[in-house]
Amino acid sequence: MNPWFDSKKTTEEIAQELLGMLVVKETDAGIVSGWIVETEAYLGEIDQAAHSYKLKKTPRLNSMYQEAGTIYIYSMHTHHMLNLVVQAKGIPEAVLIRGIEPFEGLAIMEERRAQTGFAVTDGPGKLTKAMGIDKSDDGSSILVPPLIISQKERRYPQEVELSKRIGIPNKGKWTEAFLRYSVKGNPYVSKLKGTIEPDYGWEK
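Note that the coordinates shown come from a computational prediction; the quantities given were computed from them, not determined experimentally. (Residues numbered from 1 in each chain as written. Predicted model: local features only at pLDDT ≥ 70, side-chain atom pairs only at ≥ 80, totals over all residues. Heavy atoms only, no water.)

Draft legend 1. Region of interest: the nonpolar core. Counting 40 residues, the largest nonpolar core has Leu18, Ile36, Leu82, Ile97, Met131 and Ile149 as the members making the most contacts within it. The contacts of methionine 131, once residues within four sequence positions are left out, are Val23, Val24, Lys25, Thr27, Val32, Ser33, Gly34, Ile100, Met109 and Arg112. (Core = buried A, V, L, I, M, F, W, Y, C linked by side-chain atoms within 4.5 Å. Buried < 20%, exposed > 50% of the residue type's maximum accessible area, 1.4 Å probe, protein only. Contact = heavy atoms within 4.5 Å.)

Printed below as a string of structure tokens:
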């Protein structure tokens with residue numbers, strides 16, 4: 001079962017539980033996938049950093065007000081950002097996927113990014129370009145191809161690291177809030193601080 005179907009779970013809890021889940025995208029070039037290693041929680045109405053703060057509504061934000069599991073894609077500096085709505089319809093809270101560790105289709109991702117190594121997917125705009133995720137995915141369900149979270153496979157972090165969200169200036173307590181979650185020591189975490197852990201921070 002997908003974690004966002006449990007209405008008893010908070011957006012913060014779901015953001016942590018998404019770590020280790022496998023995002024899969026079917027593309028013309030082939031299937032690409034990766035393990036989620038970094039997320040950020042956005043708490044909707046009360047969160048000054050959220051697009052839906054104070055229940056703001058615009059056509060661009062329509063997906064944020066749909067049922068849990070809806071994909072919300074927005075653009076920032078020409079980069080697409082992958083978000084999942086995780087609460088009931090009308091409650092616009094979401095989780096941003098900030099980093100993935102490639103699993104399938106690495107050669108495809110490297111070609112799209114013209115990069116190799118950790119830089120292929122160690123950031124929210126990088127991973128969407130690598131996976132071929134764009135505005136056409138906005139409003140679709142994460143349960144239905146071409147963009148899904150696999151129900152068959154997942155990994156588990158040895159330790160989840162909490163930190164401030166990235167790129168959230170001048171939002172009072174929301175700038176300082178520890179709403180970023182990552183697999184400690186995984187090299188695909190954006191702006192990783194500290195050392196790379198054995199097994200990249202995954203349980204064996």
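Draft legend 2. Just the layout of surface pockets, in detail. For the largest pocket, the calculated volume is near 550 Å³. Lining the largest pocket are 26 residues; nearest its centre among them are Tyr74, Met76, Met81, Arg98 and Pro124. Counting only elements with at least two residues in the lining of the largest pocket, the list comes to β2 (30-42), β3 (71-76), β4 (79-85), β5 (94-104) and α3 (124-131). Tallied by class, the residues present in the lining of the largest pocket amount to 13 nonpolar, 8 polar and 5 charged. (1 Å grid on protein atoms, 1.4 Å probe; cavity = no way out; pocket = protein on both sides within 12 Å on 5 of 7 lines; lining within 4 Å. Points joined across faces, edges and corners; volume = space filled by probe spheres on them. Helix = DSSP H or I, 4+ residues; strand = E, 2+ residues; numbered from the N terminus. Nonpolar A, V, L, I, M, F, W, Y, C, P; charged D, E, K, R; others polar.)

Draft legend 3. Representation of the packing of helix α2 (residues 106-113) against α3 within the structure. In the contact formed by α2 and α3, the axes pass within 7 Å of each other and the chain directions differ by 115 degrees. With respect to α3, the element α2 is oriented roughly perpendicular. As for the relative orientation of α2 and α3, their crossing is right-handed in sense. Across from Met109, Arg112 and Arg113 in α2, the residues of α3 making contact are Lys126, Lys129, Ala130 and Met131. (Axes fitted to C-alpha atoms, helices over the stretch in contact; angles between N-to-C directions. Parallel < 35°, antiparallel > 145°, perpendicular 65-115°, else oblique. Left-handed = near helix turned anticlockwise from the far one by under 90°.)

Draft legend 4. The pattern of salt bridges, seen in detail. Tallied over the full model, the rule gives 11 salt bridges. For arginine 98, the salt bridge is made with glutamate 38, and the minimal N-O distance between the two is 3.0 Å. Highlighted residues: arginine 98 in strand β5 and glutamate 38 in strand β2, separated in sequence by 60 residues. Across this residue pair, the class does not change: arginine 98 and glutamate 38 are buried. With a shortest N-O distance of 3.8 Å, arginine 98 and glutamate 40 are connected by a salt bridge. Pair noted here: arginine 98 is in strand β5 and glutamate 40 is in strand β2, with a separation of 58 residues, a long-range link. Owing to a relative accessible area of 0%, glutamate 40 belongs among the buried residues under this scheme. Overlapping salt bridges, with partners in common, bring together Glu38, Glu40, Arg98 and Arg180 in one network. (Salt bridge = Lys/Arg side-chain N within 4 Å of Asp/Glu carboxyl O.)

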